[in-house]
Amino acid sequence: MAAGLRDGRFDGGITLIGSEPELPYERPHLSKGYLLGTITRDKLRLRPAEQYRQLEVDLEIGDRVLDLGVEERRVLLESGKTIGWDLMCIATGSDARKLAGFDRALYLRELRSADRLRALLDRGSRLDIVGAGFIGCEVAAVARQKGCEVRVHEALAQPLLRVLGPEVGAYIASLHREHGVDLRLEVESPPAADLVAVGSVPRTQLAERAGLAVDRGIVVDELGRTSAEGVFAAGDVTRFFHPLFETRIRVEHFQTAQRQGFIVGRAMAGKDEPYREVPWFWSDQYELNLQYAGAGLPWDETVTRGAMGRLPFTVFYMQSGTLVAAAGFNDHHTVARARRVMEARKMVSAQQLADPNFDLRRVLA
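Residues numbered from 1 in each chain as written. Predicted model: local features only at pLDDT ≥ 70, side-chain atom pairs only at ≥ 80, totals over all residues. Heavy atoms only, no water.

Novice: Can you walk me through unusual backbone geometry in this structure?
Specialist: Where the residue is not glycine, phi is negative for most of them; where a peptide bond is considered, it is trans in most cases. Omega for the peptide link from Leu-311 to Pro-312 comes to -5°, which places this bond in the cis form. Among the secondary structure elements, Pro-312 is positioned in the loop between strand 19 (301-305) and strand 20 (313-319). Residue Leu-160 is not a glycine yet carries a positive backbone phi of 55°. For Leu-160, the position within the fold is in the loop between strand 9 (150-153) and helix 7 (161-178). For Leu-160, a relative accessible area of 7% corresponds to the buried category. Residues other than glycine seldom take positive phi values, yet Glu-246 does so here, at roughly 55°. Relative to the helices and strands, Glu-246 is located in the loop between strand 15 (238-242) and strand 16 (247-249). (Helix = DSSP H or I, 4+ residues; strand = E, 2+ residues; numbered from the N terminus. Buried < 20%, exposed > 50% of the residue type's maximum accessible area, 1.4 Å probe, protein only.)

Novice: What is the right way to read helix 5 (residues 111-122) from this model?
Specialist: Helical geometry: 3.6 residues make up each α-helical turn, so side chains three or four residues apart lie on a common side. A rise of 1.5 Å per residue sets the reference length of helix 5, with its 12 residues, at 16 Å; its end C-alpha atoms lie 16 Å apart and thus fit the reference within 8%. Where helix 5 is concerned, the buried positions are Leu-111, Ser-113, Ala-114, Leu-117, Leu-120 and Leu-121. Residues of helix 5 that are buried sit in contact with helix 2 (33-36), helix 3 (41-44), strand 8 (127-130), helix 6 (134-145) and strand 11 (195-196). Just downstream of helix 5, Gly-124 is the residue with a positive phi angle, here 75°. (Expected span 1.5 Å × (residues − 1). Contact = heavy atoms within 4.5 Å.)

Novice: Is there a simple way to think about the environment of Ala-157 in this case?
Specialist: Tracing the chain through its elements places Ala-157 in the loop between strand 9 and helix 7. Judged by its relative accessible area of 34%, Ala-157 falls in the partly exposed class. Taking the C-alpha atoms as reference, Ala-157 lies 32 Å from Val-219; in sequence the two are 62 residues apart. If we skip the residues at most four places from it in the chain, Ala-157 touches Leu-185 and Glu-186.

Novice: Teacher, can you tell me more about empty space enclosed by the protein here?
Specialist: A water-sized probe rolled over the atoms picks out the places where empty space is left. Evaluated as defined, the whole model comprises one cavity of 30 Å³ or more. Taken together, Ala-132, Cys-137, Ala-140, Val-152, Pro-159, Ile-172, His-176, Val-181 and Leu-183 make up the lining of the largest cavity. Elements supplying a minimum of two residues to the lining of the largest cavity: helix 6 and helix 7. Taken together, the residues of the lining of the largest cavity break down into eight nonpolar, one polar and no charged. (1 Å grid on protein atoms, 1.4 Å probe; cavity = no way out; pocket = protein on both sides within 12 Å on 5 of 7 lines; lining within 4 Å. Points joined across faces, edges and corners; volume = space filled by probe spheres on them. Nonpolar A, V, L, I, M, F, W, Y, C, P; charged D, E, K, R; others polar.)

Novice: Which parts of the structure should I look at to understand the pattern of salt bridges?
Specialist: Working definition: two side chains of opposite charge can pair if their charged atoms are close together. Counted by the stated rule, this structure contains 25 salt bridges. With a closest N to O distance of 2.8 Å, Arg-27 and Glu-20 form a salt bridge. A single network of salt bridges, built from pairs that share partners, joins Asp-95, Glu-110, Arg-112 and Arg-203. (Salt bridge = Lys/Arg side-chain N within 4 Å of Asp/Glu carboxyl O.)

Novice: Help me out: how do you make sense of the packing of helix 6 against helix 7 in this one?
Specialist: The description of two helices packed together rests on the angle between their axes and the distance between the axes. Between helix 6 and helix 7, the shortest axis-to-axis distance is 12 Å and the interhelical angle comes to 15°. With respect to each other, helix 6 and helix 7 are oriented roughly parallel. Handedness of the crossing formed by helix 6 with helix 7: left-handed. The segment helix 6 lies against helix 7, with Phe-134, Cys-137, Ala-140 and Ala-141 engaging Val-163, Leu-164, Ile-172 and His-176. Of the residues assigned to the contact of helix 6 with helix 7, the class counts are seven nonpolar, one polar and no charged. (Axes fitted to C-alpha atoms, helices over the stretch in contact; angles between N-to-C directions. Parallel < 35°, antiparallel > 145°, perpendicular 65-115°, else oblique. Left-handed = near helix turned anticlockwise from the far one by under 90°.)

Novice: Is there a simple way to think about the pairing of strand 21 (residues 322-329) in this case?
Specialist: It is a general feature of regular strands that their side chains alternate between the two faces of the sheet. In terms of burial, strand 21 is a largely internal element, seven of the eight residues being buried. As judged from the five bridges shared by strand 18 (residues 288-294) and strand 21, these two strands associate in the antiparallel manner. Counterpart to Leu-290 in the pairing with strand 21 is Phe-329. Bridge count for strand 20 against strand 21 is seven bridges, and the pairing is antiparallel. Residue Met-318 lies in a different strand from strand 21, and its bridge partner there is Leu-323. Hairpin connection from strand 20 to strand 21: two residues lie between these consecutive antiparallel strands, with Ser-320 at a positive phi of about 55°. (Pairing = 2+ DSSP bridges.)

Novice: Looking at this structure, I do not really get the sheet that holds strand 9. What am I missing?
Specialist: Hydrogen bonds between backbone atoms are what pair the strands of a sheet, whose relative direction is either parallel or antiparallel. Spatially, 10-9-8-11 is the arrangement adopted by the four strands of the open sheet, whose pairing is parallel. Bordering the open sheet on either side are strand 10 (182-184) and strand 11, each of which pairs with just one other strand. Summarising the sheet, strand 8 and strand 9 pair through four bridges and their orientation is parallel. Along strand 9, the bridge assignment pairs Leu-127 with Val-150. This element, helix 6, spans strand 8, strand 9 and strand 11 of the sheet and lies at about 170° to strand 8.

Laid out in structure tokens, this is it:
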């Protein structure tokens, strides 16, 4: 967001406030390379410290905002310090969804939790995970690569069922079982766990106390404007209007938060260009690289290019004959082209999608 402000030629003062005592960092690696040890702490950082100085951004880190001060235009910090503002962007992100009775379990959202989990894995401890979503599956894969015994308890019939559907979910289940994970599905009452990974909830408490419109996230328009004058919001704390899908969506993934935040920063600087990209994210599990393009919208038909379970292959998701998402398995080129097709609002048939010899770039010509 701060970079977007400067890119939009905003020349006023910028203060970036964060509750963690860390420079801003990329969270996706916390359940992947950082746990495995292939990504170092320094490599997590979004920018080196000197770049914030170059952007003339003042950092207030390690101090939590207690009140947004919408009426008086002055935020109150936990330390007692107050900071005046003319424009504000709320980018508070999400918290891990808590499960009753699992207060002692780890919830992987921040670097300090990743450090505790990595220490557990480095000791070769047996790991019990509740939740077979992306974080649960990624941590399970890292733990097996480190030689840990792993049990995963999932309430649904397959891993990643809501996002990828039953057929892909069954493939993910077989992948983990082949690597030695004790995967237990349709578990209503899981036992004690080391890690709980059952989704996230947007951190809307500050916005709610300030009287902003909130509906499963802070409600914003295509430019990130909230219901309060001069107050914007960006990232996974928001449900923003997406002109491509013509509906409000909430996306929990880093790439969208980063790119949408940049657009919101430019809008704060007076550059009114809506965020129009198709959301995209990735997941590494063992030798598998999964890339997904789409907004998690409903679908009524799936089309597979290649053979399910035989790498590489891609599954396309369609609603009323329109492509709305693509999930590629070691097939990033196909996902990238499908994303461009969706962004261009081009029609492509199920037969064309299924044909590995049909280059999706032809649809864009």
